[in-house]
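Fold and geometry: a report
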Amino acid sequence: MKKKVYFNHDAGIDDLVSLFLLLQMDDVELTGVSVIPADGYLEPGISASRKIIDRFSNQRVEVARSTSRGMYPFPKEWRMHTFFVDALPILNESGQMKAPVSNQPAHRHLIEKVRAEQEKTTLLFTGPLTDLSRALDEAPDIEEKIEKLVWMGGTFQEVGNVQEPEHDGTAEWNAFWDPEAVARVWKSGLTIEMVALESTNQVPLTISVRNYWASLRRYTGVDFVGQCYAACPPLEHFETNSTYYLWDVLTTASVGKPDLVKMKTVCSEVETKVPSQGRTYETVGGRRVHVVYDVDSEAFFHYITELSKKQ
Ligand code: AGV
Ligand code: CA
């Protein structure tokens, strides 16, 4: 039987590549998609999602807009990536969009889709947790219909990836964007798998992976992935604030092929106050979460490339 997965993403390059890859997984049935305008813009995020569903699957997947907004905006240069993917010729060849858009806001769409399934749903979140936190506030009963939450976010290392004035740099961006939402989800009874920077740091976008995809561009799907990542700077000499990792794609791959990653259980809390807002830290008596801290990176790149070759 197929795993039921509901996907909430925030319209970045790796969020949209994740959607493409999810649609290629034979044992996954996508029950719904929603888009939150955090690390990307809403309208091109919705249309790019619809076009990816249309172009790369036969499934009828509904897409919903989030009404959630954050306190700390992502840098605009990063958010502009959504327009780039949405405009790729391969997504615009048909000149049409068929995947339906829900009239519900994302958090209610999630509630509706989780309730509609007989089996439990796996939630995949590759942006901030705001919509999930709102869904749990409105419908705490859905907790028992959720298999687990798989979230790209957080870190227990000293250094996160937020480099903003008035922040001490200890947080990861998805947690920083809405720390209260992380705290709300931590209070729930959900099983949480956190794909933290510990593991995503092991899968940077490099020139060699780019060249590997380029060599396989005769496959439409591999070409699409290569085109998407052409918008991001690779890791070459040293890490900068715009160095790109395959954060969300690793998170998504861990749903399709769990044996790619290693997990450990930690007890943790989240800081909600300045200057460390969004920092996740280990503490005795804290909330139990499963943290992905290691990945077989070669097997990971092989897996996502094989999935892409299906198109
Ligand atoms: O912190 C990682 C999250 C992931 O969900 N995002 C990007 C991924 O979609 C934020 C982010 C951190 N550094 C970035 C980010 C960068 N250099 N460019 C774009 N987004
Ligand atoms: Ca993201």
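Residues numbered from 1 in each chain as written. Chains lettered and ligands numbered in written order. Predicted model: local features only at pLDDT ≥ 70, side-chain atom pairs only at ≥ 80, totals over all residues. Heavy atoms only, no water.

Within an unreviewed UniProt entry, the label attached to the chain reads Nucleoside hydrolase, and the organism entered is Priestia flexa.

One pass over the structure, following the stated rule, counts 16 salt bridges. The salt bridge involving Lys4 is made with Glu119; its shortest N-O contact spans 3.8 Å. Of this pair, Lys4 sits in strand β1 (residues 3-9) while Glu119 sits in the loop between α6 (106-116) and β4 (121-125), placing them 115 residues apart in sequence. For Lys4, a relative accessible area of 11% translates into the label buried. Between Asp137 and Arg184 there is a salt bridge; the shortest N-O distance is 2.6 Å. Of this pair, Asp137 sits in helix α7 (residues 130-138) while Arg184 sits in helix α9 (residues 179-187); the two residues are 47 residues apart in sequence, bridging distant segments of the chain. Relative accessible area serves as the criterion here: at 19%, Arg184 is assigned to the buried category. One salt-bridge network, in which partners are shared between bridges, spans Lys4, Glu29, Glu117 and Glu119. (Salt bridge = Lys/Arg side-chain N within 4 Å of Asp/Glu carboxyl O. Helix = DSSP H or I, 4+ residues; strand = E, 2+ residues; numbered from the N terminus. Buried < 20%, exposed > 50% of the residue type's maximum accessible area, 1.4 Å probe, protein only.)

All right, on to the packing of aromatic side chains then. Enumeration according to the criterion identifies 15 aromatic pairs in this entry. Consider the rings of Phe74 and Trp173, whose centres lie 4.4 Å apart with planes at 25°: the pair is stacked. You can see Phe74 sitting in the loop between β3 (63-65) and α3 (76-79) and its partner Trp173 sitting in helix α8 (residues 173-177), a full 99 residues away along the chain. The pair formed by Phe74 and Trp173 is uniform in burial state, with each residue classed as buried. One aromatic cluster is present, built from ring pairs that chain together Tyr72, Phe74, Trp78, Trp173 and Phe176. (Phe/Tyr/Trp six-rings, centres within 6.5 Å; stacked < 30°, edge-to-face > 60°.)

For the rest of this paragraph, the subject is the nonpolar core. Ranked by size, the top nonpolar core spans 62 residues in total, and within it Trp213, Tyr229, Leu246, Phe300 and Ile304 carry the most contacts. For Trp213, the residues in contact, after removing those within four places along its chain, are Leu205, Val222, Val225, Gly226, Tyr229, Leu246, Phe301, Ile304 and Thr305. Ranked by size, the runner-up nonpolar core spans 30 residues in total, among them Phe125, Leu136, Ala139 and Trp151. (Core = buried A, V, L, I, M, F, W, Y, C linked by side-chain atoms within 4.5 Å. Contact = heavy atoms within 4.5 Å.)

Attention shifts here to helix α1 (residues 13-22). The α-helix winds at 3.6 residues per turn, so residues separated by three or four positions along the chain end up facing the same way. For α1, a buried count of 10 out of 10 residues is recorded, marking the element as mostly surrounded by other parts of the structure. Those residues of α1 lying buried are Ile13, Asp14, Asp15, Leu16, Val17, Ser18, Leu19, Phe20, Leu21 and Leu22.

For any part of a model where pLDDT is low, the fine detail of the predicted coordinates should not be relied upon. Per-residue confidence for the chain averages 97 on the pLDDT scale, and 100% of its residues sit at or above 70. Element-level mean pLDDT values for the chain span from 96 in α3 up to 99 in β4. Across the predicted assembly, pTM comes out at 0.98 and ipTM at 0.99. (pLDDT = per-residue confidence, 0-100.)

Neighbouring residues of ligand 1: 17 residues in total, closest Asp14, Asp39, Thr126, Glu172 and Asp248. For ligand 1, a nitrogen atom lies 2.7 Å from a polar atom in the side chain of Asp39. Taking Thr126, its main chain carries an N or O atom lying 2.9 Å from an oxygen atom of ligand 1. In isolation ligand 1 has 430 Å² of accessible area, and contact with the protein removes 99% of it. The set of elements that each furnish at least two residues to the shell around ligand 1 consists of α1, α8 and α13 (247-256). Here the shell around ligand 1 is built from residues that sort into 6 nonpolar, 6 polar and 5 charged. (Near = heavy atom within 4 Å. Polar contact = N/O pair within 3.5 Å; in protein donor to acceptor, adjacent residues only side chain to side chain. Areas by Shrake-Rupley, 256 points an atom, 1.4 Å probe, with all protein chains shown as cover. Nonpolar A, V, L, I, M, F, W, Y, C, P; charged D, E, K, R; others polar.)

Let's shift gears to the packing of α7 against α9. Closest axis-to-axis distance for the α7/α9 pair is 8 Å, and the angle between their directions is 50°. With respect to their mutual orientation, α7 and α9 come out oblique. Crossing geometry of α7 relative to α9 is assigned as left-handed. Note on element contacts: α9 touches α7 through Ala181, Arg184 and Val185, opposite Thr130, Leu132, Ser133, Leu136 and Asp137. A breakdown of the residues in the contact of α7 with α9 according to their chemical character gives 4 nonpolar, 2 polar and 2 charged. (Axes fitted to C-alpha atoms, helices over the stretch in contact; angles between N-to-C directions. Parallel < 35°, antiparallel > 145°, perpendicular 65-115°, else oblique. Left-handed = near helix turned anticlockwise from the far one by under 90°.)

Turning to the packing of helix α11 (residues 207-215) against helix α14 (residues 297-308), a few remarks are in order. Think of two packed helices as two axes; the pair is described by the angle between the axes and how far apart they sit. In contact at an axis separation of 12 Å, α11 and α14 are set at 30° when each is read in the N-to-C sense. One way to sum up the angle between α11 and α14 is to call them roughly parallel. Crossing handedness for the pair α11 and α14: right-handed. In this structure, α11 uses Val209, Tyr212 and Trp213 to contact α14, whose residues at the interface are Phe301, His302, Ile304 and Thr305. Across the contact of α11 with α14, the residue classes break down as 5 nonpolar, 2 polar and no charged.

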